[in-house]
Amino acid sequence: MAKISEIEPIVLYEKEADARWASYSILVKVVTSDGRVAYGEAVPTLRVLPVVSAVRQVAKAFLGRDPHEITAAFYEWYRQDFFLSRSFESATALSAIDMALWDLKARELGAPLYELLGGALRDRVLVYANGWYGGCRDPACFAEKAKDVVKKGYTALKFDPFGDAFNYITPRGLRKAEDIVRAVREAVGDDVDILIEHHGRFNANAAIDIAKRLEPYDPYFMEEPVHHEDLEAYRKYKAATALRVAMGERLISAKEALQYLAEGLVDVIQPDSCNIGGVTGTVKVMTLAEAFSVEVSYHNAYGPVQFAVEVQLSAVTPTLYRLESFYDYWPQWKRDLIGDPFRVVDSAVEVPRRPGIGVDVNEKVVERYKAEPTEIQPTEEPVWVVRGTW
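Cut-offs applied
- The written sequence of each chain sets the order in which its residues are numbered from 1.
- Per-residue local features of the predicted model are confined to residues with pLDDT of at least 70, and side-chain atom pairs are confined, for both listing and counting, to 80 or more; whole-chain, interface and lining totals are unaffected and use all residues.
- Heavy atoms throughout the structure, all of them, feed into the side-chain values; hydrogens and water do not.
- Numbering of helices and strands runs from the N terminus, with a helix taken as a DSSP run of H or I at least four residues long and a strand as a DSSP run of E at least two residues long.
- Two rings from Phe, Tyr or Trp (for Trp, the six-membered ring) form a pair when their centres are within 6.5 Å of each other. A pair whose planes differ by under 30 degrees is stacked, one over 60 is edge-to-face, and the rest are tilted.
- Summary of the burial criterion: residues with accessible area below 20% of their type's maximum are buried, those above 50% are exposed, and those between are partly exposed, where the area comes from a 1.4 Å probe applied to protein chains only.
- Along the arc lie the directions from the helix axis toward the C-beta atoms.
- Contacts are residue-level and defined by heavy atoms, with any inter-residue pair within 4.5 Å sufficient.
- In this scheme, strands are said to pair when DSSP sees at least two bridges between them.
- The convention used is that axes are lines fitted to C-alpha atoms, helices contributing only their stretch in contact, and that angles between N-to-C directions extend from 0 to 180 degrees.
- Put simply, a salt bridge is a Lys or Arg side-chain nitrogen that is within 4 Å of an Asp or Glu carboxyl oxygen.

Attention now moves to unusual backbone geometry. In terms of backbone geometry, most residues other than glycine have negative phi values and most peptide bonds are trans. With a phi angle near 55°, aspartate 218 is a residue other than glycine that sits in the positive phi range. Relative to the helices and strands, aspartate 218 is located in the loop between helix 7 (204–214) and strand 7 (221–223). One non-glycine residue, aspartate 346, lies in the positive phi region at around 55°.

Our next topic: the packing of aromatic side chains. Counted by the stated rule, this structure contains 22 aromatic pairs. When the ring of phenylalanine 307 is compared with that of tyrosine 327, the centres are 5.1 Å apart and the planes differ by 45°; the resulting orientation is tilted. Of the two residues, phenylalanine 307 sits in helix 11 (residues 304–315) while tyrosine 327 sits in the loop between strand 11 (323–325) and helix 12 (332–336), which places them 20 residues apart along the sequence. This pair shows no difference in class: phenylalanine 307 is buried, exactly as tyrosine 327 is. Through a chain of ring-to-ring contacts, three or more aromatic side chains come together here, namely Tyr128, Tyr220, Phe221 and Tyr321.

A few words now on helix 9 (residues 254–262). Among all positions in helix 9, only Ala254, Glu256, Ala257, Tyr260 and Leu261 are buried. Mapping the buried residues of helix 9 onto a view down its axis gives an arc of 155°, with all of them on the same face. Turned more than 90 degrees away from the buried face of helix 9 sit Lys255 and Ala262, all of them exposed. Along its buried surface, helix 9 packs onto helix 8 (231–240), strand 8 (245–247), strand 9 (268–269) and helix 10 (278–291). One or two steps after helix 9, the chain reaches glycine 264, where phi turns positive at roughly 70°.

This brings us to the sheet that holds strand 2 (residues 24–32). Strands sit in the order 3-2-1-13 across an open sheet of four strands; the sheet is antiparallel. The open sheet has two edge strands, strand 3 (37–42) and strand 13 (370–371), and neither has a second partner. Sheet analysis places strand 1 (residues 4–13) next to strand 13, joined by two bridges and oriented antiparallel. Residue pairing for strand 13: leucine 12 is matched across the bridge by lysine 370. Lying over the sheet, helix 1 (residues 48–59) contacts strand 1, strand 2 and strand 3, oriented at roughly 175° with respect to strand 1. Along the sheet face, helix 11 touches strand 2 and strand 3 and points at about 100° away from the line of strand 3.

Moving on, we come to the pattern of salt bridges. Applying the stated criterion across every chain yields a total of 22 salt bridges. A salt bridge links glutamate 89 to arginine 47; its shortest N-O distance comes to 2.9 Å. Here arginine 47 lies in the loop between strand 3 and helix 1 and glutamate 89 lies in helix 3 (residues 88–109), a separation of 42 residues in the sequence. Here glutamate 89 falls in the buried class, since its relative accessible area comes to 17%. The class of arginine 47 is partly exposed, set by a relative accessible area of 38%. Across the pair glutamate 197 and lysine 158 runs a salt bridge whose closest N-O atoms are separated by 3.6 Å. Here lysine 158 lies in strand 5 (residues 156–159) and glutamate 197 lies in strand 6 (residues 193–197), a separation of 39 residues in the sequence. Lysine 158 carries the same exposure label as glutamate 197, and that label is buried. Where salt bridges share partners, they join Asp103, Arg107, Arg354 and Asp360 into one cluster.

Set out below in structure tokens:
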């Protein structure tokens, strides 16, 4: 019987992108003793070097195992790593390996991943656009680019109108944010969902002030309005506004997600398969979301393997809102990495029916963009913003 014989983290890099984190991808290549290959994807952000190191460490618990025993391997690492529930690096490494193992199993069985998860509820997945507003700092720029997004067929789009505000927002910053949101709403009309990205950077009072100013423009949700870990701020925010709260990209376990769900602090949960535990962890959160009547909108920003995995997951998610999509705004090499198979038509992408996650990684593209892992120098504009908007 075949065993897992190799697990290799691979850093890919190309500097020209609309966000510095989008310049990187971390793939995790899993090889079996009979020569089969699959890939998962880990989170880069500012932590490329420690994530690569974490993948190499987590791999030690998987090498030599039967690749079919995905759950057993998942829980073996849970047993081994005392700090898994507190370590983003460990969680993203585990997630990437888990993705690859599910892809291997589905390919071996000759079925798309969604079939292993009970079968698809939909053959097309609604998406919303993100990453489209690079270089925008004024309402006119946001409005013009928003029109272009709608012309591409999107019926929902997300953006961050808050510039360099952090923790607090000045009256001037609040007026400017309102001007931007008003301009986008007027540009796209009332039939397009606008989603307001806060990047989890405000205290409760600032977030509540923002909500009061932006409520007239009917945003579908307010994403991470307060700092991720600040449960008290979430409680205060939910008590002060009826606007929907979206959050979840920084969750690293189903048990952490349960804290927000059980208290009614989230209306649209956004687990990220690259750090919530891969396919195994994502399915747990998907099930919890249905139990709490909460919509799901997977965070989907890092790269094409993640994109393909989350299209498959979205196909089986009962309470799906939409899947996030940077796809049309990535550098071309990221799309080429999987053969550029996805097309947005009527704000939706088709679910691939091919075995596994439905795409193949192009090894020539991997070789072309392969880079050594290295530290990333922080700059005034944080790594998590869309470039040129700070």
